[in-house]
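As a plain string of letters, each chain reads:
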Amino acid sequence: APHDPILKDDRIAGISSAIQVIPDFPKPGIMFQDITTLLLDTKAFKDTVDLFVERYKDKNITVVAGVEARGFIFGPPIALAIGAKFVPMRKPKKLPGEVISEEYSLEYGTDKMEMHVGAVQASDRALVVDDLIATGGTLTAAIRLLERVGV
C-alpha cells in the first residue's frame, strides 16, 4: 500500500542492505535475494521479525503457517511473539503424519504443498509466511490448503 507506515520505517533500509543479491542464480536473469546474510546480522534479523510482530500482533492470528523452507526461519519467532501456534507447510513426503495436499504449477510441471491433518481448525485465523513470490504457486497452494479446512 502506498501509504503504508512500514515503508517509511528506518529499519527497512538496514534489512534491505543486509540481504545479499546474487545475480544469475540459480539461472541467468534471476536476481537471487539471499537472506542468509540477513540471518548473520542480528539487528536486521530481529528488526525483520519485529516488523511482522508489530503488524500482526493485534489481528487475532491463531496460527502462523510457514512455507518450506524460509518460512521455517521467520515463522516460528513471529508465532511465539504473537502467541500463535506454528504449522509447517512442506513439500511431499516430508511430514510423518496424515496430510492433506494441494498441487500447484511450476514453470515446468507441478509440485505439491502438504500440511498435517488436524494442525489447524476452522476457527483459526492464519498468517502465511513465505520468503518471496516468484510465480505465487507455493503461496497460493498454502492459502488453498488453509481455506479447504475452513481457516
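Here, residues in each chain are numbered from 1, in the same order as that chain's written sequence. Totals for whole chains, interfaces and linings use every residue, but because this is a predicted model, local features are given only for residues with pLDDT of at least 70 and side-chain atom pairs only at 80 or more, for both listing and counting. As a convention, hydrogens and water are excluded, and side-chain values are obtained from all of the structure's heavy atoms.

A.B. asks: Is there a simple way to explain the packing of helix α3 (residues 42–56) against helix α4 (residues 71–82) in this structure?
C.D. replies: A pair of packed helices can be characterised by two numbers: the angle between their axes and the separation between those axes. Angular values range over 0 to 180 degrees, each being the angle between N-to-C directions of two axes fitted as lines to C-alpha atoms, with helices fitted over their stretch in contact. Working definition: helices are DSSP H or I runs of at least four residues, strands are E runs of at least two. Numbering for both runs from the N terminus. Close contact between α3 and α4 brings their axes to 9 Å; oriented N to C, the two are set at 50°. The angle between α3 and α4 places the two elements in the oblique class. Our pair here, α3 against α4, has a crossing hand that is right-handed. Contact residues: α3 offers F45, T48, V49, F52, V53 and Y56, while α4 offers I73, F74, P77, I78, A81 and I82. The nonpolar class holds Ala, Val, Leu, Ile, Met, Phe, Trp, Tyr, Cys and Pro. Asp, Glu, Lys and Arg form the charged class, and all remaining residues, Gly among them, are polar. Considering only residue class, the contact of α3 with α4 consists of 11 nonpolar, 1 polar and no charged. Angles are sorted into four bins: roughly parallel if under 35 degrees, roughly antiparallel if over 145, roughly perpendicular if 65 to 115, and oblique for all others. Left-handed describes a crossing whose near helix is turned anticlockwise from the far helix by less than a right angle; the clockwise case is right-handed. By the convention used here, residues are in contact when the closest approach between their heavy atoms is within 4.5 Å.

A.B. asks: How should the sheet that holds strand β3 (residues 63–67) be read in this particular structure?
C.D. replies: Two strands in a sheet stick together by hydrogen bonds in their backbones, pointing the same way (parallel) or opposite ways (antiparallel). Pairs of strands are assigned from DSSP output, requiring at least two bridges between the strands. Taken together, the 3 strands give an open sheet; going across it, the order is β4-β3-β7, and neighbouring strands pair in parallel fashion. At either margin of the open sheet sits one strand with a lone partner, and together these are β4 (85–89) and β7 (126–129). The sheet shows a mean angle of 25° between the axes of neighbouring strands, taken without regard to direction. Pairing between β3 and β7: 4 bridges, direction parallel. The partner of G66 across the bridge, within β7, is V129.

A.B. asks: Please explain unusual backbone geometry as it appears in this structure.
C.D. replies: As a rule of thumb, non-glycine residues mostly have phi less than zero, and peptide bonds are mostly trans rather than cis. In this structure, the amide linkage connecting F25 to the following residue, P26, adopts the cis form with an omega of 0°. Along the polypeptide, P26 turns up in the loop between β1 (20–23) and β2 (31–34). Here the residue pair E68 and A69 is connected by a cis peptide bond, since its omega of 0° sits within 30 degrees of zero. Among the structural elements, A69 can be located in the loop between β3 and α4. The phi dihedral of N60 is positive, around 55°, even though this residue is not glycine. Tracing the backbone through its elements, the reader meets N60 in the loop between α3 and β3. Unlike most non-glycine residues, K93 shows phi in positive territory, near 65°. Exposure remark for K93: the relative accessible area of 80% places this residue in the exposed category. Exposed residues in this analysis have more than 50% of their type's maximum accessible area, buried residues have under 20%, and partly exposed residues fall in between, with area computed by a 1.4 Å probe over protein chains only.

A.B. asks: Even after reading the chapter, I still don't get the layout of surface pockets, so can you show me in this structure?
C.D. replies: Empty space among the atoms becomes visible once a probe the size of a water molecule is rolled across them. Quantified by volume, the largest pocket comes out at close to 880 Å³. We place a 1 Å grid over just the protein atoms. Points where a 1.4 Å probe fits but has no way out form a cavity, open points with protein on both sides within 12 Å along at least 5 of 7 lines form a pocket, and any residue with an atom within 4 Å of a point lines it. Taken together, 27 residues make up the lining of the largest pocket; nearest its centre are L106, E107, L132, A134 and T135. When contributions to the lining of the largest pocket are tallied by element, the ones reaching two or more residues are β2, β5 (99–105) and α5 (137–148). For the lining of the largest pocket, a count of residues per class yields 13 nonpolar, 6 polar and 8 charged. Grid points are joined across faces, edges and corners, and a volume is the space filled by probe spheres set on the points.

A.B. asks: Honestly, the UniProt feature "domain: Phosphoribosyltransferase" (unreviewed entry) in the protein in this entry has me stumped. Any pointers?
C.D. replies: UniProt positions are given in the numbering used here, feature names are shortened, and annotations may be inferred rather than shown by experiment. Those places that UniProt annotates as "domain: Phosphoribosyltransferase" (unreviewed entry) correspond, in this numbering, to residues 43–151. When the span residues 43–151 is considered, its composition is 35% helix and 26% strand, and the gap between its end C-alpha atoms is 33 Å.

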